[in-house]
Amino acid sequence: MTFQEQILQGIPDVLPQPQPYDPTINHAPKRKQILSIEEKKLALRNALRYFDKKHHAELAPEFMEELNTYGRIYMYRFRPTYRMYARPISEYPGKSEQAKAIMLMIQNNLDYAVAQHPHELITYGGNGAVFQNWAQYVLTMKYLAEMTDEQTLVMYSGHPMGLFPSHPDAPRVVVTNGMMIPNYSKPDDWERFNALGVTQYGQMTAGSYMYIGPQGIVHGTTITVLNAGRKISKSGEDLSGKLFVTSGLGGMSGAQPKAGDIAGCITVCAEVNLKAVETRHSQGWVDEVIANLDELVTRVRKAKENKEVVSIAFHGNVVDVWERFYDENIYIDLGSDQTSLHNPWAGGYYPAGWSFEESQRMMAENPTQFREKVQESLRRHAAAINRHTAKGTYFVDYGNAFLLEASRAGADIMAEDGINFRYPSYVQDILGPMCFDYGFGPFRWVCASGKPEDLDTTDAIATQVLEEMALTAPDEIRQQMEDNIRWIKSAKQNKLVVGSQARILYADAEGRMKIADAFNDAIAAGKIGPIVLGRDHHDVSGTDSPYRETSNIYDGSRFTADMAIHNVIGDSFRGATWVSIHNGGGVGWGEVINGGFGMVLDGSDASRRRLKSMLFWDVNNGISRRSWARNEGAVFAIKRAMETQPLLKVTIPNYVDDSILEGL
Ligand SMILES: NC(=O)c1ccc[n+]([C@@H]2O[C@H](COP(=O)([O-])OP(=O)(O)OC[C@H]3O[C@@H](n4cnc5c(N)ncnc54)[C@H](O)[C@@H]3O)[C@@H](O)[C@H]2O)c1
C-alpha cells in the first residue's frame, strides 16, 4: 500500500501485526501505575472505542498489558510502517492545501530525528505529546486528507472529535490540550486522566504541531546567553574564556552547548541519559563528551587557560559538577539548569547519587522514595549553586521550574522577602525586558516544498527586510535588530535544520508582518513554494506563565491567564490556519496556559489579508498587557504601534508617584 493509501485508509479494518518493542529507540519512561482496577477497565473501554467491536477480544489483553507495563495505552500495533518525516506538501493526499500543510507539520513532530520518544508520540520535554495513541494519529491524518476548506477539525487533547462545517477564513484545525477544570490540574491529575486516555500534556509546540527541532530554541538560548554575557561584562569584554555550567541535552536543553559555542564561551552541560548525550554529540550540537569528573576538571582548566570556545557534555549528574567545581575552586561565570523540572516525578529530574537505570526503576516501582530522592537532590543542587553565587556566579532559572521545585523541596532558594526567589528567571532579567516587552519573539517558518533552496531564498528575503528596517529602527530596539540580523545571516552555516526546512528568527510585530508579506510576494511570483508561519508559544502574547513568560509582570496579574485566552480567540478569527491552547508547557501542568498558531501562506490576496490582520494582533495583544502592567518597554512599543495603525486604541497606564502612598 502506498503512503497516500495508508493515510486514506485510517484505522485499518484488518488488524496489522503487533510490532516488537524496539530497544534502540529512546522510549518514554514507564509511567507510574495510578489507576485502580476499575479505572483500568475504563481506560480499556476508552481505548477500544476507536475500533470495530470484532477486534475488541484481541486488542483488550494487549492494551491491558501496555497499561500495566508502561502506565499508558499507546496502541503500538497501529504505528505506521512508512517513514515518519515532513514530506514535500505535494506528496500528501487531500483536498485542502492548508490541511496538507498541517499533516506535514504533524509528521515532522513525530520524525525520529526530531522527536524525543517517537514511539510514544512524544516530541520533547519528556511528556510533550502530539497524540495520546496511534489510533488518534491515524484517524487525524485521515480527517485531514478528507477535509475541505469548508470544514474545521476539532482536536481534544490528541483526540480528533471530528470535522465540523465552517468557512474558508476559519481555522482548519482548532486544538486544545490538557484543558482541565482548574481544581483538577495537579501533576497526579495528569497521570490519572492521561492514563484514562482523556487528556494529554501538549507542552508548547508538541501538541500544536509547531516544533522545528532544537533550532527553535538555539536562537532563543543564544540570545539569552549573549545578553547574560552582556550583563556580567564588567568593561565591555565578551564571553571568551568564561565558563557556563548547565544541564540537559534533551529536546530543548540540547541547544545550550550550541548556543554557548555561538555566543563564544566554554560550556559544560551535564546529562544523565547516555542516549541523549550520543544523539546531541552525533548531531554536532556538542563538541566533546567526558564521563569522568577528574577528566572534566582538567579539561575545563585547560579550556579556561587557552580561552577556548568549546562545549563539553558531561555524562553524569549535574549536581556532581556543581559540587566538584566548588571543591576544585573552578570559577563559574554563568550558571543555569535545564533538567525537566516541569515534570519532576516522571523522568524530568534524576537525583544525584543514583544511576540513570536505578532512578528509572525507582520511579516506576517506588514513586514515594523517588520523590524523596529528587527533593533531597534538589536541596543539594541549590546549596552547591548558592556556594558558587556567593563567589560571584550569575545564575538564572531557565524556565524549567528549577527554583519552584527546589523551593517546594525546602531548598534555601528564597529571597529575604520570603515571596520571591533568590535568583531571577531568564525572562525577568533578560528576555522579558529586552525582547518580549518590545514584541520580539520566536517567529518561525517552514518551507512546505521541503526544498533547501526555498529556505535559502527565505533567509535572504528576511535578511533584506530586517536590514531595511534597521536603517530607521529606534535606539530602544537597535541591539535586538542587530543580533537578529547576525543570526539570520549565519543561520545556514550553523547547520541548524533537523527535520523540516524550517527557520526561526526573533522579530517584532512589524518585522514579522513585513517578512511574511515579502514571502507571500515571493510565492505569488513563483520563486518559492508555500510557507507555513508560526511561532513558539514561548512568546510575547501566547503564554501566561507566572514563573516564566510573564514573570516580569509586576502588577499582580501574572497569575491570570486572560492574555493567552484572548490571544487564541483573536488569532482564530483573524485568519490563523490552526490555533491551539494548552494547559501545561515548559513549567508544568497547572502552572501555565499557552497558545499558538500556524498560518499557511500561498501567495494569494487572502493570505496577505490574513497575515496582516493576525500577526498584528498576535504580537500587540501581549504588548498591550505588558504595557498595562507598567512595563516601560511595552508602553513605548504599544504607543509606536498606535502611530502605525489608527484603528488601534489601547488603554495606557498612569504612573503613580509612590510618595503619595507613604503613610497610608
Ligand atoms: N531551552 C529553552 O529555551 C527553554 C525555555 C524554557 C524552558 N525550558 C525548559 O527546560 C527544560 C528542559 O527541556 P527539554 O525539552 O530539554 O527536556 P528533556 O526532558 O528533553 O531534557 C532534559 C534532560 O535533562 C536530563 N536530566 C534530568 N535530570 C538530570 C540531572 N540531575 N543531571 C543531568 N541531567 C539530567 C534528562 O535526562 C533529559 O535528557 C524543560 O522544563 C523546559 O520547559 C527550556
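Note: the structure precedes this text.
What counts and how
- Residues numbered from 1 in each chain as written.
- Predicted model: local features only at pLDDT ≥ 70, side-chain atom pairs only at ≥ 80, totals over all residues.
- Heavy atoms only, no water.
- Helix = DSSP H or I, 4+ residues; strand = E, 2+ residues; numbered from the N terminus.
- Rg over C-alpha atoms; globule rule 2.2 N^0.38 Å.
- Buried < 20%, exposed > 50% of the residue type's maximum accessible area, 1.4 Å probe, protein only.
- Contact = heavy atoms within 4.5 Å.
- Areas by Shrake-Rupley, 256 points an atom, 1.4 Å probe, with all protein chains shown as cover.
- Lys, Arg positive; Asp, Glu negative; His and termini not counted.
- Charge placed at Lys NZ, Arg CZ, Asp CG, Glu CD.
- Pairing = 2+ DSSP bridges.
- Near = heavy atom within 4 Å.
- Polar contact = N/O pair within 3.5 Å; in protein donor to acceptor, adjacent residues only side chain to side chain.
- Nonpolar A, V, L, I, M, F, W, Y, C, P; charged D, E, K, R; others polar.

**Notes on the overall build of the chain**
Step number 1: Across its full length, the chain carries 22 helices and 17 strands.
Step number 2: For the chain, the C-alpha radius of gyration of 24 Å lies close to 26 Å, the compact-globule estimate for 664 residues.
Step number 3: Dimensions of the chain, computed from C-alpha atoms along their principal axes, come out at roughly 70 × 60 × 55 Å.
Step number 4: The burial tally for the chain puts 62% of its 664 residues in the buried class.
Step number 5: Counting contacts in the chain only where the partners sit at least 6 residues apart, residues at least 24 apart contribute 70% of the total.
Step number 6: For the chain, the exposed area adds up to about 25400 Å²; of that, 52% sits on carbon and sulfur atoms.
Step number 7: One way to put it: in the chain the 67 positive side-chain charges average out to a point 2 Å from where the 80 negative ones average out.

**Re the sheet that holds strand 11 (residues 394–395)**
Step number 1: In space, the six strands of this open sheet follow the order 8-9-7-6-10-11, with parallel pairing throughout. Two strands bound the open sheet, and with one partner strand each, they are strand 8 (288–290) and strand 11.
Step number 2: The pairing of strand 7 (residues 266–271) with strand 9 (residues 310–315) spans six bridges and is parallel. Looking across to strand 9, one finds that Cys-269 is bridged to Ala-313.

**A few points about the site of the ligand**
Step number 1: Around the ligand sit 31 residues in total, of which Ser-253, Glu-271, Ser-340, His-342 and Arg-548 are the nearest.
Step number 2: One of the side-chain N or O atoms of Glu-271 is found 2.6 Å from an oxygen atom in the ligand.
Step number 3: Here the ligand, which alone exposes 860 Å², has 98% of that area covered by the protein.
Step number 4: Elements with a minimum of two residues in the shell around the ligand: helix 7 (215–232) and strand 7.
Step number 5: Classifying every residue of the shell around the ligand gives 10 nonpolar, 19 polar and two charged.

Note that all results are geometric; they support no functional claim without further evidence.
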